[in-house]
Amino acid sequence: MENNDLNKLFIPLQPFWDGSKLYVSNSYGSTNELPSGAQIISINGIKSAELIQHMLNKLMRDGNNYNYPTWILNTYFYEYFSYFFGCSEEYEIKIHDGTEERVLTLTGISKPELLQQIRKQKEPNTTGISFKIDKEKSIGILKIKSWHNTILKKRYGQKFTPEIKKVIRQMESAHIQYLIIDVRNNQGGNTRYARFLLSYLLSEPFVLVEQYNKKKRGAITRCRGPQSGTHQPMSKNFKGNVYVLINGGSFSNTGIFCSVLRKFKRAVFIGEETGGSEFVICGSPKHITLPHTGIQVQLPRLQFVIKSTEKNKFHGIIPDYFVKPKVDHLVEKKDKDLAFAFELIGKNAQQKLERP
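Predicted, not measured: the structure shown is a model, and the values here were computed from it.

A. Looking closely at the sheet that holds strand 17 (residues 268-271). Sheet architecture is open: 6 strands sit in the order 9-10-11-16-17-20, paired in mixed fashion. The open sheet terminates on both sides in strands that have one partner only, identified here as strand 9 (129-134) and strand 20 (321-322). The sheet contact formed by strand 9 and strand 10 (residues 139-144) spans 6 bridges and is antiparallel. Bridging from a neighbouring strand, I129 pairs with I144 of strand 10. Across the face of the sheet, helix 6 (residues 160-174) comes into contact with strand 9, strand 10 and strand 11 (178-182) while running at roughly 5° to strand 9.

What follows is the structure, encoded as structure tokens:
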């Protein structure tokens, strides 16, 4: 991996896999020959479906849920392609551009140049926690990119608790009736911050994690964890409607946060199934470097039982309203999940007005 980063040329492409077909989402390099939205038939002679399935089967996931590895490939394809298929000076891409099939040869690109081009094409990434208000509709939109305080401080110059307290003050001042919480692409972090936000959204005592388990002398035994016990709601909590935007990148602590909201029937979920489990996750990893190979591994030391696993289908939080992502949405930069939430809120508001 390190050798690839320093010496190899990466595929200058970020595709989008919709579950059955592969499309061009972004292309990089000096030529940018690949038209956005074109279907990718094969890469280096390997059919797209075979290539993606090979990678999906080897990526980390929770149970039977492939949403997280799919999200990984739709976000970091260039990186994982290098792990499984290596790097080369040129890449042969067969596409169908809507009119005809054709083959393009793309020149590989160095890792620093690739990352620089990716940053150029992305929208400015200035805040980890952001809040916007639509005063006319009495809607607040809270976006949380990470629950990691270290990431929030280093990358965005923010701290979780002060930022959420600021949001709460703004919501109360603006008399917000509807709150949209966007945790798409949020891969997790500190569970205490999920507890803090939940204490504002819930009106009764709650348990964040029902049980912690660890392995002791070869047996699974119950133990205490970082958020053991029952937690109290804030004295002044949010009474309005909550809508949560989720996708395959909603992982780890985001799965815990969403699972508790689902348990209390406190939110409507919109988007795709979360990558993180609704029932059980693992955490508190121990970092180990293998003595002979130098390979670094992480071994989880705690099992987090978020809630009863009797009916566990080994999946994440299933949305109440599934909004299927399409390559057109990415190319045209349309946020269909957010638009759907606004449409749903509009319908609910109208129903309230029409009630006798």
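B. Expanded view of the packing of helix 7 (residues 191-201) against helix 8 (residues 253-263). Close contact between helix 7 and helix 8 brings their axes to 9 Å; oriented N to C, the two are set at 25°. Considered as vectors, helix 7 and helix 8 are oriented roughly parallel to each other. Relative to helix 8, helix 7 is oriented so that their crossing is right-handed. In this structure, helix 7 uses T191, A194, L197, L198 and L201 to contact helix 8, whose residues at the interface are N253, I256, F257, V260 and L261.

C. Region of the structure containing helix 6. For helix 6, built from 15 residues, the straight-helix expectation of 21 Å at 1.5 Å per residue is met to within 8% by its first-to-last C-alpha distance of 21 Å. Every buried residue of helix 6 is listed here: F160, E163, I164, V167, I168 and M171. Seen along its axis, helix 6 keeps its buried residues to an arc of 145°; they face one direction. Facing away from the buried side of helix 6 by over 90 degrees, the exposed positions are R169 and S173. Looking at the buried positions of helix 6, the neighbouring elements they touch are strand 9, strand 10, helix 5 (149-156), strand 11 and helix 7. Trailing helix 6 by a residue or two, H175 shows a phi angle of about 55°, which is positive.

D. Region of the structure containing the pattern of salt bridges. Under the defined criterion, the tally for this structure stands at 11 salt bridges. Between R184 and D335 there is a salt bridge whose closest N-O contact spans 2.8 Å. Here D335 lies in the loop between helix 9 (327-331) and helix 10 (336-354) and R184 lies in the loop between strand 11 and helix 7, a separation of 151 residues in the sequence. By relative accessible area, R184 is classed as buried at 13%. According to the relative accessible area criterion, D335 is partly exposed, its value standing at 35%. One salt bridge connects D337 with R184, and the closest N-O pair in it is separated by 3.5 Å. Here the residue D337 occupies a position in helix 10, and R184 occupies one in the loop between strand 11 and helix 7, the gap between them amounting to 153 residues. Here D337 and R184 have matching classes, each one buried. Because the salt bridges share partners, they merge into one network encompassing K143, D182, R184, D335 and D337.

E. Spatial organisation of helix 5. Along helix 5, the residues classified as buried are N149, L152 and Y156. The arc that holds the buried residues of helix 5, viewed along the axis, is 85°, so those residues lie on one side. Across helix 5 from its buried face, at more than 90 degrees, point the exposed residues K154 and R155. Those residues of helix 5 that are buried are in contact with strand 9, helix 6 and helix 7. Phi turns positive one or two residues past the end of helix 5, at G157, with a value near 65°.

F. Examining the packing of helix 2 (residues 48-56) against helix 3 (residues 67-85) more closely. For the pair helix 2 and helix 3, interaxial distance at closest approach is 10 Å and the crossing angle is 95°. As judged from the angle between their axes, helix 2 and helix 3 are roughly perpendicular. Residue-level inspection shows L51, I52, H54, M55 and L56 of helix 2 in contact with helix 3, the latter providing P69, T70, L73, F77, Y80, F81, F84 and F85.

G. Representation of the sheet that holds strand 13 (residues 211-216) in the model. Ordered in space as 14-13-19-18, the 4 strands form an open sheet in which the pairing is antiparallel. Where the open sheet ends on each side, the last strands, each with one partner, are strand 14 (219-223) and strand 18 (280-289). Pairwise comparison of adjacent strand axes, ignoring direction, gives a mean angle of 40° for this sheet. Relative to strand 14, strand 13 runs antiparallel, the two sharing 5 bridges. Opposite K215, over in strand 14, you have I220 as the bridge partner.

H. Highlighting the packing of aromatic side chains. All chains considered together, the criterion is met by 13 aromatic pairs. Taken together, a centroid distance of 3.8 Å and an interplanar angle of 10° make the contact between Y68 and F251 stacked. Placement of the pair is Y68 in helix 3 and F251 in the loop between strand 16 (241-246) and helix 8, with a sequence separation of 183 residues. On the basis of relative accessible area, Y68 is assigned to the buried category, the value being 5%. The buried category is assigned to F251, whose relative accessible area is 11%. Note on W147 and F257: the rings are 5.1 Å apart at their centroids and 50° apart in plane angle, and the pair reads as tilted. In this pair, W147 is assigned in the loop between strand 10 and helix 5 and F257 in helix 8, connecting sequence segments 110 residues apart. Of the two residues examined, W147 and F257, each falls in the buried class.

Cut-offs and rules
- Residues numbered from 1 in each chain as written.
- Predicted model: local features only at pLDDT ≥ 70, side-chain atom pairs only at ≥ 80, totals over all residues.
- Heavy atoms only, no water.
- Pairing = 2+ DSSP bridges.
- Helix = DSSP H or I, 4+ residues; strand = E, 2+ residues; numbered from the N terminus.
- Contact = heavy atoms within 4.5 Å.
- Axes fitted to C-alpha atoms, helices over the stretch in contact; angles between N-to-C directions.
- Parallel < 35°, antiparallel > 145°, perpendicular 65-115°, else oblique.
- Left-handed = near helix turned anticlockwise from the far one by under 90°.
- Expected span 1.5 Å × (residues − 1).
- Buried < 20%, exposed > 50% of the residue type's maximum accessible area, 1.4 Å probe, protein only.
- Arc of directions from axis to C-beta.
- Salt bridge = Lys/Arg side-chain N within 4 Å of Asp/Glu carboxyl O.
- Phe/Tyr/Trp six-rings, centres within 6.5 Å; stacked < 30°, edge-to-face > 60°.

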